[in-house]
Every structure is written in structure tokens, then in C-alpha cells.
Amino acid sequence: MTDENRVFIFDTTLRDGEQSPGATMTHTEKLEIAALLDEMGVDIIEAGFPIASEGDFEAVSDIARQTKNAVICGLARANFKDIDRCWEAVRHAVRPRIHTFIGTSPLHRGITNLDQDQMVERIHETVSHARNLCDNVQWSPMDAIRTERDYLARVVEVAIKAGATTINIPDTVGYTLPSESAEIIRELIERVPGADEVIFATHCHNDLGMATANALAAVSAGARQIECTINGLGERAGNTALEEVVMALKVRRDLMPYQTGIDTTKIMNLSRRVAQVSGFPVQFNKAIVGKNAFLHESGIHQDGVLKNVETFEIMKPADIGITETNIAMGKHSGRAALRSKLADLGFDLADNQLNDVFVRFKALADRKKEIYDDDLIALMSDSAANTDSDYIQVKWLRVICGSDGQEAELKLLVDGIEKSASMTGDGPVDACFKAVKAIYPTQAHLKLYQVHAVTEGTDAQATVSVRLEEEGRIVTGSAADTDTILASVKAYVGALNRLRVRSQKTAPDADVKSISYKL
Ligand code: KIV
Ligand code: ZN
């Protein structure tokens with residue numbers, strides 16, 4: 001592999017991904033995801049936006065301290081205060097990077113009230129300031145695609161002269177098409193003095209479903225850094241999905257002879273973990289990591305695959321780390337079998353963790369005859385999300401429902417004290433949530449209530465996600481159970497626990513990344 005063929009993978013799951021409303025992760029979850037990304041071979045991890053909140057600052061600093069290989073990057077607007085704060089957080093890294101940006105399109109210049117010359121001045125000052133602090137500086141003209149081409153070339157030149165080492169070209173609103181994405185990168189590389197001294201990056205959003213295609217087109221035109229997120233998480237329709245670009249480059253090496261440093265066998269586990277902690281499930285037909293991505297339903301396909309797997313499969317499940325045989329486990333399965341199965345699924349547990357999961361596994365096996373991989377994944381997610389040390393815990397629930405009306409009797413442990421309530425409602429879930437509120441009054445608004453069946457059959461577990469919003473803080477709770485109503489209450493209580501933790505740590509609005517792009 002020559003250097004020209006190496007494409008750097010810049011993962012922004014923890015910054016742009018976490019920016020999607022409700023996808024906020026806890027500090028521990030962010031550290032865990034960063035460690036998995038580093039292990040998978042991501043070159044640069046954008047760990048957060050340090051000025052956005054105290055929580056973001058601490059997460060970026062701790063990720064910087066713990067990361068062994070990847071460059072750790074933080075985001076900063078084009079002002080000295082943001083950049084200094086960013087440096088404070090990333091400077092602990094073995095390889096720190098400051099990423100500073102400003103909106104350069106006419107629309108964004110309007111918001112910042114800077115004319116073209118004033119903006120050029122601002123870019124020069126801020127990039128120079130960042131470069132004086134850190135020798136690895138990335139600069140982004142936000143909304144580059146809708147910026148006048150001549151002006152874009154001018155600001156890119158200024159940033160390079162001021163010391164930027166990576167120039168990122170964001171398609172902030174997911175507006176471009178592959179031909180244009182390539183054309184802009186090619187033009188900048190050809191016409192901007194000093195372009196050969198820096199790496200060009202592509203950062204695409206998926207509003208028109210083009211993010212992967214646009215990123216790959218940019219690479220074929222000379223970009224050598226792809227900005228992406230696991231599962232394509234991100235604002236609105238999300239960002240380029242890491243798994244898609246990495247696997248496209250792997251599978252179509254004949255047309256795109258570029259190489260990444262990603263160990264693709266780690267993709268599936270990371271995808272599952274990000275789905276769990278963000279509360280954003282992966283759609284079944286999602287490329288690469290969707291539940292159906294390697295399923296062959298029709299007779300012709302099944303027959304073809306059995307005769308020669310290449311007839312209908314362009315990559316192997318094992319390439320992305322799907323090793324499961326999906327052999328069902330049951331109540332006679334022992335601890336060792338469970339440990340080995342979980343290890344296959346990417347969960348390496350210490351003995352005490354295994355004991356806890358084993359108890360939950362046995363309880364599930366009593367209610368469900370056959371336990372499949374997806375059941376175990378749901379069980380692991382539930383164990384991580386709802387623990388015995390939570391401030392509020394579900395102790396007991398009885399629900400009466402049917403054509404005569406619905407009533408929920410509920411007992412919760414709140415800070416170790418048992419409290420109970422009985423409520424009626426419009427449906428069993430409504431009655432239960434009212435009972436929770438009667439015990440633990442809250443102003444939080446329900447933003448999302450979502451139920452999924454984990455497997456087939458009427459004894460399937462349900463995974464439930466509940467998203468709540470209070471004073472600008474948004475959290476998601478999740479739970480799994482064969483009893484959908486119980487899972488709903490656990491998810492709701494889980495969200496309340498998260499809100500409580502968050503309100504202790506941050507001021508109102510502190511989690512909302514709606515800090516303005518004004519300077
Ligand atoms: O989409 C965008 O423009 C961004 C920038 C901050 C790089 O995320
Ligand atoms: Zn973005």
C-alpha cells in the first residue's frame with residue numbers, strides 16, 4: 001500500500017452522531033465507544049465539542065487520556081475561547097487535533113454578520129491561533145457545498161497558509177450529488193496553492209440518501225479522509241455510515257484501490273453497541289449491519305446461496321464479525337456455554353458480570369423456551385441500561401387491561417424506599433406511566449415511545465425505547481422483557497434515572513447542542 005492509497009477514517013459518532021436529538025450517551029458509554037473505535041483501527045476520533053457542555057469537555061479529556069492509537073479531535077467554533085477550551089481537553093492525547101470551523105456559504109455569512117473579507121480575517125486569526133497550540137489542526141468551511149466556488153478556494157487557501165493540516169469539505173445539509181462532490185474536491189486540489197501539503201477530507205450528511213456515494217466520489221477525486229459515524233448516526237438523516245464506506249472500499253478494491261486501517265470484523269459489535277447506547281435501533285434493511293443484510297428469504301436466493309454463497313453474497317458475514325451460528329440456548333445451558341456464546345457476540349465479561357447476566361439469562365429461559373443471539377444481545381443491553389444500583393427501580397407491577405378498562409398497580413424503589421401507586425389510563429402503558437409519575441413526579445415530556453419484537457413468536461422479548469425531554473436535556477431509556485408492558489415501565493424508569501444523573505451534572509440546556517453558530 002502506498003501512502004497515496006491510504007484513506008483515513010475519521011469517526012464522529014461521539015460528536016456529530018451524538019448531536020442527533022435523543023442520542024446523548026453517558027460519560028461511561030462515550031469512553032467505552034471510544035475504546036472500541038480505537039481498537040477497530042479508526043484513525044481519528046472526534047470525541048466531542050468541548051465548549052458545548054461540561055459533560056462534553058470531560059468526555060473529550062478522558063477519551064484523550066485513555067486512547068492509545070487514534071488521533072483525538074475536539075470541535076471548536078472560530079473563536080479563541082472555543083479553541084482554547086478544545087485544546088484544554090484534547091491536549092492530554094498522545095496525538096491531539098483541534099478541529100475548528102466556520103459557516104462560509106452566503107447563508108452562514110449572514111448569520112455570523114461577517115462579509116467575505118472579515119470572514120477571511122477571522123479564519124486566518126483562528127486557524128493560526130489553533131496552530132500555535134497544536135501542530136495538528138483541521139479546518140472546515142461549514143456548508144462548503146453551497147459556498148461560491150471562488151470564495152471556497154480563497155478561504156481554503158487562507159486556512160492552509162494559517163497552518164491547517166487537514167481541510168474538511170462538509171456537505172452540511174446533505175445537498176450534493178456524487179459528480180459535484182468529486183468535482184469540488186478535484187477543483188480545490190488543482191487550484192489552491194499549498195493543497196498538496198494537506199489532507200482533504202469529506203464530511204457528508206445523508207439528507208438525500210447520498211452520503212456514502214458522495215464520500216466515495218470525493219475519495220476518487222483525491223480526498224483522503226472520510227468523516228463518518230457508526231450506523232450513520234447523526235443529525236436529521238445522519239452522516240456517512242462508517243460501515244458502508246469501509247466495506248465498499250474493501251469489496252470494490254478493483255474500482256477503488258484504497259485502503260483503510262479498519263479491522264472490519266469489529267464492525268458488527270460496534271454497531272450493536274452504538275445502537276444500544278444511543279437508543280437508535282438499526283433499521284432491518286440497513287446496508288451491512290441491518291438484521292436482514294445477510295438474510296436470504298426467497299427460494300431462488302436460498303437455493304443459490306446454498307449451492308455457491310457468492311451467487312447472492314458480495315461479502316461474508318464473518319467479514320464484519322458476524323460469527324454466530326444462531327443455535328438456540330435454553331434453560332439447560334450452563335454458565336460456560338453462556339460465556340462462550342457472549343464472547344462470540346463480542347461481550348467479554350468479568351466473573352461478577354457473568355454471574356449477574358447468568359441470573360437474568362435463567363429468568364428469561366424460564367419464560368422463553370429458546371434463546372437466540374438477538375435475545376442475548378437484548379438481555380445484555382437491558383443489563384447495561386437498568387441495574388440494581390439505579391436510584392429508581394421497578395419492584396413489582398400488575399396491570400389489568402381489556403375491554404373494561406386499564407389499571408396499573410406499581411411498586412417502585414426510590415432511593416431504596418418502596419413506594420406504590422395505582423392508576424387508570426388510556427391503555428395499559430398510559431396507566432403505567434401515570435403510576436410512575438404518581439410515585440415520582442416529573443415535568444419530563446415523552447418524546448418517543450418505541451417497541452420492537454426481538455425475535456419471532458408470541459413469546460418474543462420486546463425491546464422498548466423511551467425518550468424524555470426536560471429543560472432541554474434529552475435522554476433515552478431502554479429495556480427488554482418478554483412482557484412488553486413491564487419493558488415499557490423499565491424503559492421509562494431508566495430514562496428518568498438518566499435524567500436525574502444528567503440534571504445533577506449539567507445546567508438546564510447543557511446537553512442540547514444547540515449552542516449557536518454565532519461567534
Ligand atoms: O456538517 C457539518 O458541517 C459539520 C461541521 C461542524 C464540520 O458537522
Ligand atoms: Zn456534520
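Residues numbered from 1 in each chain as written. Chains lettered and ligands numbered in written order. Predicted model: local features only at pLDDT ≥ 70, side-chain atom pairs only at ≥ 80, totals over all residues. Heavy atoms only, no water.

- Within an unreviewed UniProt entry, the label attached to the chain reads 2-isopropylmalate synthase, and the organism entered is Phaeovulum vinaykumarii.
- Recorded in UniProt for the chain, the comment headed Cofactor (unreviewed entry) runs: "Mn(2+)".
- Taken directly from UniProt, the Function (unreviewed entry) text for the chain runs: "Catalyzes the condensation of the acetyl group of acetyl-CoA with 3-methyl-2-oxobutanoate (2-ketoisovalerate) to form 3-carboxy-3-hydroxy-4-methylpentanoate (2-isopropylmalate)." (UniProt positions renumbered as here; feature names shortened; annotations may be inferred.)

## Brief notes about the coordination of the zinc ion (ligand 2)
- Looking at the metal site, the zinc ion (ligand 2) is ligated by Asp16 (OD), His203 (NE2) and His205 (NE2), spaced 2.0 to 2.2 Å from it.
- Along the chain, the residues donating to the zinc ion (ligand 2) are arranged with the sequence spacing D-x186-H-x1-H. (Donors = N, O, S within 2.8 Å, 3.2 Å for Na, K, Ca; no water.)

## Thoughts on the UniProt feature "domain: Pyruvate carboxyltransferase" (unreviewed entry) in the chain
- Using the residue numbers shown here, the UniProt feature "domain: Pyruvate carboxyltransferase" (unreviewed entry) corresponds to residues 7-268.
- With 45% helix and 18% strand, residues 7-268 has its two end C-alpha atoms placed 21 Å apart. (Helix = DSSP H or I, 4+ residues; strand = E, 2+ residues; numbered from the N terminus.)

## Re the sheet that holds strand β11 (residues 417-424)
- Strand order across the open sheet formed by three strands is β9-β10-β11, with antiparallel pairing between neighbours. Two strands bound the open sheet, and with one partner strand each, they are β9 (392-400) and β11. Averaged over neighbouring strand pairs, the angle between their axes works out to 15° when direction is ignored. (Pairing = 2+ DSSP bridges. Axes fitted to C-alpha atoms, helices over the stretch in contact; angles between N-to-C directions.)

## A closer look at the sheet that holds strand β5 (residues 137-142)
- Taken in spatial order, the eight strands line up as β1-β2-β3-β4-β5-β6-β7-β8 and close into a barrel, and their pairing is parallel. Going across the sheet, the axis of each strand differs from the next one's by a mean of 25°, ignoring polarity.

## Focus: the pattern of salt bridges
- According to the stated counting rule, one finds 37 salt bridges in the structure shown.
- A salt bridge links Arg15 to Asp16; the shortest N-O distance between them is 3.5 Å.
- Look at Arg15 and you get buried, because its relative accessible area is 8%.
- Residue Asp16 is classed as buried on the basis of its relative accessible area, which comes to 3%. (Salt bridge = Lys/Arg side-chain N within 4 Å of Asp/Glu carboxyl O. Buried < 20%, exposed > 50% of the residue type's maximum accessible area, 1.4 Å probe, protein only.)

## Quick word on the packing of aromatic side chains
- Going through the model one piece at a time under the given rule, you end up with four aromatic pairs.
- Taken together, a centroid distance of 5.9 Å and an interplanar angle of 90° make the contact between Phe433 and Tyr449 edge-to-face. With Phe433 in helix α16 (residues 428-439) and Tyr449 in strand β12 (residues 445-453), this pair connects stretches of sequence that are 16 residues apart.
- Using a relative accessible area of 9% as the deciding quantity, one classes Phe433 as buried.
- Since its relative accessible area comes to 32%, Tyr449 is described here as partly exposed.
- For the ring pair Phe433 and Tyr492, a centre distance of 4.2 Å and an interplane angle of 15° mean the geometry is stacked. With a gap of 59 residues between them, Phe433 in helix α16 and Tyr492 in helix α17 (residues 484-505) connect regions that are remote in the sequence. (Phe/Tyr/Trp six-rings, centres within 6.5 Å; stacked < 30°, edge-to-face > 60°.)

## Thoughts on the site of ligand 1
- Around ligand 1, the neighbouring residues are Arg15, Asp16, His99, Phe101, Ser140, Met142, Asn168, Pro170, Thr172, His203 and His205.
- One of the side-chain N or O atoms of His203 is found 3.2 Å from an oxygen atom in ligand 1.
- Coverage of ligand 1 by the protein chains reaches 96% of its 260 Å² of free accessible surface.
- Mapped onto the shell around ligand 1, the elements with two or more residues apiece are α1 (13-17), β4 (96-103), β5 and β6 (166-171). (Near = heavy atom within 4 Å. Polar contact = N/O pair within 3.5 Å; in protein donor to acceptor, adjacent residues only side chain to side chain. Areas by Shrake-Rupley, 256 points an atom, 1.4 Å probe, with all protein chains shown as cover.)

## Some remarks on the environment of Arg95
- Along the chain, Arg95 falls in the loop between α4 (80-90) and β4.
- With 28 residues separating them along the chain, Arg95 and Thr67 place their C-alpha atoms 9.1 Å apart.
- If we ignore the near neighbours within four places in the chain, the residues touching Arg95 are Asn69, Ala70, Val71 and Ile72. (Contact = heavy atoms within 4.5 Å.)

## Brief notes about the side chain of Thr260
- Along the chain, the position of Thr260 falls in the loop between α10 (242-251) and α11 (267-278).
- A polar contact is formed between the side chain of Thr260 and the backbone nitrogen of Ile262, at a distance of 3.3 Å.
- Setting aside anything within four residues of it in sequence, one finds Thr260 in contact with Arg6, Val7, Ile9, Val246 and Leu249.

## A short note on the UniProt feature "binding site: Mn(2+)" (unreviewed entry) in the chain
- The UniProt feature table records "binding site: Mn(2+)" (unreviewed entry) at Asp16, His203, His205 and Asn239. What stands out for the annotated residues spanning 224 residues is how close their C-alpha atoms remain, the widest pair being 10.4 Å apart.
- Relative to the elements of secondary structure, Asp16 occurs in helix α1.
- For Asp16, the residues in contact, after removing those within four places along its chain, are His203, His205, Gly234, Glu235 and Asn239.
- Counting through the fold element by element, Asn239 comes out in the loop between β8 (225-228) and α10.
- Beyond its immediate chain neighbours, meaning those up to four positions away, Asn239 contacts Thr12, Asp16, His203, Cys204, His205, Asn206, Ala211, Thr229, Gly232, Leu233 and Gly234.
- Reaching out from Asn239, the side chain makes a polar contact with the side chain of Asp16 at a distance of 3.1 Å.

## Some remarks on a nonpolar patch on the surface
- Among the surface-exposed residues, Leu446, Tyr449 and Val451 lie close enough to one another that they form a single nonpolar patch of about 240 Å² accessible area.
- One can find Val451 in strand β12.
- According to the relative accessible area criterion, Val451 is partly exposed, its value standing at 38%. (Patch = residues over 30% accessible without salt bridge, like charges linked within 9 Å, V, L, I, M, F, W, Y side chains within 5 Å.)

## Re α10
- Most of α10 sits out of view: seven of its 10 residues are buried.
- The set of residues buried in α10 consists of Leu242, Glu243, Glu244, Val245, Val246, Met247 and Leu249.

## Remarks on the nonpolar core
- By size, the foremost hydrophobic cluster in this structure holds 92 residues, and its most contacted members are Trp139, Val156, Ile167 and Ile169.
- Take this core: its biggest share by element is nine residues, from helix α7 (residues 149-162).
- Inspection of this core shows a minimum of three residues originating in each of domain 1 (3-283) and domain 2 (293-323).
- Other than its neighbours up to four places away in sequence, Ile167 contacts Trp139, Val156, Ala159, Ile160, Val198, Ile199, Phe200 and Ala201. (Core = buried A, V, L, I, M, F, W, Y, C linked by side-chain atoms within 4.5 Å. Domains from an automatic or database assignment.)

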